[in-house]
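# Fold and geometry: a report
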Amino acid sequence: MRRYDSYKDSGVAWIGEVPEHWDISRLALAFIENRKLNLDLAITEAYQFNYGQLVPKKREYKEEEDADTYAKYTVLQPNDIVINGLNLNYDFVSQRVAIASHEGIITSAYVCLRPRVNICSQYFCYLFKAMDSMKLFHGMGTGIRLTLSYSELKKRLIPFPPLSEQQQIVEFLNEKIANIDAYIQEKKQEISALEELKQVKIAFAVTHGINSDIQMKDSGVAWIGEVPEHWDISRLALAFIENRKLNLDLAITEAYQFNYGQLVPKKREYKEEEDADTYAKYTVLQPNDIVINGLNLNYDFVSQRVAIASHEGIITSAYVCLRPRVNICSQYFCYLFKAMDSMKLFHGMGTGIRLTLSYSELKKRLIPFPPLSEQQQIVEYIQQKTAQIDKYISDVKRQIDSLKEYRQRLICDAVTGRINVQPKL
């Protein structure tokens, strides 16, 4: 990347040197605070933040419910810049800056900046996004919850390139970022394809085995299809009883929860006064118990409802907890249930308005039963294959992280003049 011919010290640590012909001035030179409220309710198109963009709220305006709230919202015009300056001390992934592309309204809890004349608002949006990525707003927050205000923000020194250069920087970044984002999207699609491949590998192995030369037979179950001839097809109750042992004596205080198809410890420590009544009603887990979250099946979009316990612990008794009988490999059946979950088979078993799964319904279902030794072989095969796929997925995720870091660095370098994006003469 080219640099400018000469630089000067900006006098601002985070900016460093800037091109010699750029100005450094207070933010108030470019923006006033937009505090115009929607008192007459002339606008009902409300916006919210979504990963660094302003998007319309999904729910429609209802006068009886929304009028009082919407009247207190700030009125947006195109090119207004909105900064979510709330709870800066709880910010881990910064996406706090967005520019309005349409007229609308947004909560007045945010800082809304209205551009003065002779500036390119999109340039300053990129500049504030760069500041956000460097966590610079965090040092400006006040109060217990570290909240950003315009009165603090307006005093900050920022770079002011000539207007023509602001526009050139925006054109450069728009093109480069669009290319980077398109490449990131391709990588995300690659991850989706790998995740789908993993599910296919698991589903095929648990229903068809891993020996392609073996004689097959019809299982009599539509979703299973053909199975190896020597496999049995039996009801789930043959392999599992329902574990309904409650933690009445509070002997265990290690509580677990679901996290993307795994059981993980709850982050908060046990507090007897707050938790005793709840934890006493939790189900006691043993290693190799399988837990199925069968709640709200009608609201399930991404299925990660099955997990196996690797340690003793407790979990909400709202879930179905299966305890294996003797002579089975619990991990094989965990993979089988994960395959059923990915095919949304549990959805057809739910009952009630909220479509809730129960053991009484689950236990009647026909499932494949390979010999124990084959169950163990299938588990080893799946673990080997999924480990390979997971490695590919991790590699692609690292590529995405690198692209995102490059995107942030490119924005920072362009808006502070570390690189010269003007067309060559």
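These remarks concern the structure in this document. In this text the structure is predicted, and so the values were computed from the model without any measurement.

Rules used in this analysis
Residues numbered from 1 in each chain as written. Predicted model: local features only at pLDDT ≥ 70, side-chain atom pairs only at ≥ 80, totals over all residues. Heavy atoms only, no water. Helix = DSSP H or I, 4+ residues; strand = E, 2+ residues; numbered from the N terminus. Rg over C-alpha atoms; globule rule 2.2 N^0.38 Å. Areas by Shrake-Rupley, 256 points an atom, 1.4 Å probe, with all protein chains shown as cover. Lys, Arg positive; Asp, Glu negative; His and termini not counted. Charge placed at Lys NZ, Arg CZ, Asp CG, Glu CD. Salt bridge = Lys/Arg side-chain N within 4 Å of Asp/Glu carboxyl O. Buried < 20%, exposed > 50% of the residue type's maximum accessible area, 1.4 Å probe, protein only. Phe/Tyr/Trp six-rings, centres within 6.5 Å; stacked < 30°, edge-to-face > 60°. 1 Å grid on protein atoms, 1.4 Å probe; cavity = no way out; pocket = protein on both sides within 12 Å on 5 of 7 lines; lining within 4 Å. Points joined across faces, edges and corners; volume = space filled by probe spheres on them. Nonpolar A, V, L, I, M, F, W, Y, C, P; charged D, E, K, R; others polar. Pairing = 2+ DSSP bridges. Axes fitted to C-alpha atoms, helices over the stretch in contact; angles between N-to-C directions. Expected span 1.5 Å × (residues − 1).

On to the overall build of the protein, then. Within the protein, the secondary structure is distributed over eight helices and 24 strands. Taking 2.2 N^0.38 as the reference for a compact globule, 425 residues should give roughly 22 Å; the C-alpha atoms of the protein span a radius of gyration of 29 Å, well beyond that estimate. Reported as C-alpha extents along the three principal axes, the dimensions of the protein are approximately 80 × 55 × 40 Å. Surface exposure of the protein reaches about 23400 Å², of which carbon and sulfur atoms provide 48%. Between the mean site of the 52 positive side-chain charges and the mean site of the 53 negative ones, the protein shows a separation of 2 Å.

Applying the stated criterion across every chain yields a total of 17 salt bridges. One salt bridge connects Glu 190 with Lys 187, and the closest N-O pair in it is separated by 3.6 Å. Placement of both Glu 190 and Lys 187 in helix 4 (residues 163–208) is noted, with a separation of three residues, approximately one turn of the helix. In this structure, Arg 268 engages Asp 275 in a salt bridge whose closest nitrogen and oxygen atoms are separated by 2.8 Å. When its relative accessible area of 40% is taken as the criterion, Arg 268 is described as partly exposed. Connected through shared salt-bridge partners, Arg 59, Glu 65 and Asp 66 make up one network.

This part covers the packing of aromatic side chains. Throughout the structure, instances matching the rule amount to 18 aromatic pairs. Seen in terms of ring centroids, Phe 31 and Phe 128 are 5.7 Å apart; in terms of plane orientation they differ by 55°. Their pairing is tilted. Taken together, the residues Phe 31 in strand 4 (residues 31–33) and Phe 128 in helix 2 (residues 121–133) connect sequence positions 97 residues apart. Among the residues examined, Phe 31 registers a relative accessible area of 0% and is labelled buried.

All right, on to the layout of surface pockets then. Taken as a whole, the largest pocket holds about 1500 Å³ of empty space. For the largest pocket, the lining is made up of 42 residues, of which Glu 195, Lys 198, Tyr 260, Gly 261 and Gln 304 are closest to its centre. Counting only elements with at least two residues in the lining of the largest pocket, the list comes to helix 4, strand 17 (256–258), strand 21 (306–308), helix 6 (330–342) and helix 8 (372–415). Its residues assigned to classes, the lining of the largest pocket shows 16 nonpolar, 16 polar and ten charged. Put simply, the second largest pocket is a space of about 1200 Å³. Elements with a contribution of two residues or more to the lining of the second largest pocket: strand 9 (97–99), helix 2, helix 4 and helix 8. Partitioning the lining of the second largest pocket into residue classes produces 14 nonpolar, twelve polar and nine charged.

Within the open sheet, the four strands sit side by side as 4-11-8-9. Their pairing is antiparallel. Two strands bound the open sheet, and with one partner strand each, they are strand 4 and strand 9. Averaged over all pairs of adjacent strands, the angle between their axes in this sheet comes to 30°, without regard to strand direction. Inspection of the sheet shows strand 8 (residues 81–83) paired to strand 9 by three bridges, in the antiparallel sense. Residue Ile 83 lies in a different strand from strand 9, and its bridge partner there is Val 97.

Moving on: helix 4. Side chains three or four residues apart in an α-helix point the same way, a direct result of the helix having 3.6 residues per turn. With 46 residues, helix 4 ought to run about 68 Å at 1.5 Å a step, and its terminal C-alpha atoms sit 66 Å apart, in line with that. Positive backbone phi, at 80°, marks Gly 209, one or two positions downstream of helix 4.

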